[in-house]
Amino acid sequence: YREGDIRLVGGPHNWEGRVEIFWNGTWGTISDSQWTNEDASVIRRQLQHMLPGYAMPCCDDESGDNSSSQIAPHFGSVICTGKENNITECSYSTQNISAQQDIGVHCQQGNQAREGEIRLVEGDSPWEGRVEIHLSREWGTISDAEYYDSREATVVCRQLGYNFYNARSYCCARFGEGSGQIKSRYISCKGIEHRITNCSYNTHLHQEDHSDDWSVSCDIGDCESGRIRLAGGDTEREGRVEICINGEWGTVCGKLWMKNNTNVVCRYLGFSDTYDCEVV
């Protein structure tokens, strides 16, 4: 986990629960009696929930009450404008925090999704599941999954805000068959697109067999030998090159680093080596 990562725990669904933050090497809660919708919206944005709607504070015995958590609070007195992308960009205190009330968040579902939004459903975790896309004011599945590979899966994970370094594509309704209309098929991506609708695709607006519904699993950042990541950059497209060897992340010496090395890293991470990929 990276410093400042957050998660929702203790709630009945993956879009609501007690907010916990990874800080100084451990998970802890956020304690604040003045938690607002603005603060909650930042949590929603940081988690990149694909569900349409809005976020609001929630505090109950299941997801927000301090008695349900066994860990100490890390943050308190959080003040956000609602425009921040990460809770650590808000004003907060890490000093003299009492375990008054752990804050919770509920990311409201709704039917106000934008055209081209996607979501993963029926998975065992938020970062995997059947791919559904919102087209023509309703959700539907994507078919012909046997023709898709890591390039298409990379775009899905990038659009949803998850790590995409080891995105996997699955055919044959791995996470269950959908229902209703199959919204799209024949998708072809280069792997560098930021939205699935930037890829080549055909709409397919009718009901048929859902046995070939497409599913995707996104990388959650685990350290597996040979995996590469960019760390410490201002965006996902830049940063210090780190590689996982024997279960530990480490850096790569840049003394004899060349442009060809950079191209390999960019290609591995799903970026094109022709798109301003350079040594910094």
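See the structure shown above.
Residues numbered from 1 in each chain as written. Predicted model: local features only at pLDDT ≥ 70, side-chain atom pairs only at ≥ 80, totals over all residues. Heavy atoms only, no water.

Description of the overall build of the chain
Consideration 1: Helix and strand content of the chain: 3 helices and 17 strands.
Consideration 2: Expressed as a percentage of its 280 residues, the buried residues of the chain come to 46%.
Consideration 3: In the chain, 63% of the contacts between residues at least 6 apart in sequence involve partners at least 24 apart.
Consideration 4: Accessible surface for the chain amounts to roughly 14,700 Å². Of this, 44% is attributable to carbon and sulfur atoms. (Helix = DSSP H or I, 4+ residues; strand = E, 2+ residues; numbered from the N terminus. Buried < 20%, exposed > 50% of the residue type's maximum accessible area, 1.4 Å probe, protein only. Contact = heavy atoms within 4.5 Å. Areas by Shrake-Rupley, 256 points an atom, 1.4 Å probe, with all protein chains shown as cover.)

Focus: the pattern of salt bridges
Consideration 1: In total, this model carries 6 salt bridges according to the counting rule given.
Consideration 2: The shortest N-O distance in the salt bridge between Arg119 and Glu132 comes to 2.9 Å. Remark: Glu132 occurs in strand β9 (residues 128-135) and Arg119 occurs in strand β8 (residues 118-121); sequence separation between them is 13 residues.
Consideration 3: Classification of Glu132 as buried rests on a relative accessible area of 9%. (Salt bridge = Lys/Arg side-chain N within 4 Å of Asp/Glu carboxyl O.)

As for the sheet that holds strand β16 (residues 240-245)
Consideration 1: Ordered in space as β15-β16-β17, the 3 strands form an open sheet in which the pairing is antiparallel. Each edge of the open sheet is held by one strand with a lone partner, namely β15 (228-231) and β17 (248-251). Strand-to-strand twist in this sheet, taken as the mean axis angle between neighbours without regard to direction, amounts to 40°.
Consideration 2: As paired strands, β16 and β17 are joined by 4 bridges and run antiparallel to one another. In the strand pairing of β17, Cys244 is matched with Trp249. (Pairing = 2+ DSSP bridges. Axes fitted to C-alpha atoms, helices over the stretch in contact; angles between N-to-C directions.)

Some details on unusual backbone geometry
Consideration 1: A positive phi angle, close to 55°, is found at Asn24, a residue other than glycine.
Consideration 2: By secondary structure assignment, the location of Asn24 is in the loop between β2 (16-23) and β3 (26-31).

Some details on helix α3 (residues 259-268)
Consideration 1: Among the residues of α3, Thr262, Asn263, Val265 and Cys266 are the ones counted as buried. Taken down its axis, α3 places every buried residue within 165° of arc, on the same side.
Consideration 2: Tucked into the core, α3 has its buried residues touching β15 and β16. (Arc of directions from axis to C-beta.)

Regarding the pairing of β16
Consideration 1: Bridge count for β15 against β16 is 4 bridges, and the pairing is antiparallel. Its bridge partner lying in β16, Ala231 is registered against Arg240.

Regarding the environment of Ala145
Consideration 1: Among the structural elements, Ala145 can be located in the loop between β10 (138-142) and α2 (150-160).
Consideration 2: Exposure remark for Ala145: the relative accessible area of 1% places this residue in the buried category.
Consideration 3: Sequence separation between Ala145 and Ser169 is 24 residues; the distance between their C-alpha atoms is 7.9 Å.
Consideration 4: With near-sequence residues (within four places) excluded, Ala145 lies in contact with Tyr170, Cys171, Cys172, Asp212, Asp213 and Trp214.

Remarks on the nonpolar core
Consideration 1: By size, the foremost hydrophobic cluster in this structure holds 28 residues, and its most contacted members are Val156, Ile187, Ile196, Trp214 and Val216.
Consideration 2: Of all elements in the fold, only β8, β9, α2, β11 (163-170), β14 (215-219) and β15 reach the threshold of two or more residues within this core.
Consideration 3: Ranked by residues supplied to this core, first place goes to α2 with 5 residues.
Consideration 4: The residues contacting Val216, other than those within four sequence positions of it, are Leu120, Trp127, Glu128, Gly129, Val131, Ala153, Val156, Cys157, Arg168, Tyr170 and Phe175.
Consideration 5: Of all hydrophobic cores here, the second largest spans 20 residues; its members include Trp15, Ile21, Trp35 and Cys107. (Core = buried A, V, L, I, M, F, W, Y, C linked by side-chain atoms within 4.5 Å.)

As for the packing of aromatic side chains
Given two aromatic rings, one states the distance between the centres and the angle between the planes to describe the pair.
Consideration 1: Following the criterion strictly, the structure yields 6 aromatic pairs and no others.
Consideration 2: Their ring planes at 75° and their centres at 5.0 Å tell us that Trp23 and Phe75 sit as a pair that is edge-to-face. Remark: Phe75 occurs in strand β5 (residues 73-79) and Trp23 occurs in strand β2; sequence separation between them is 52 residues.
Consideration 3: Its relative accessible area of 0% is what places Phe75 among the buried residues. (Phe/Tyr/Trp six-rings, centres within 6.5 Å; stacked < 30°, edge-to-face > 60°.)

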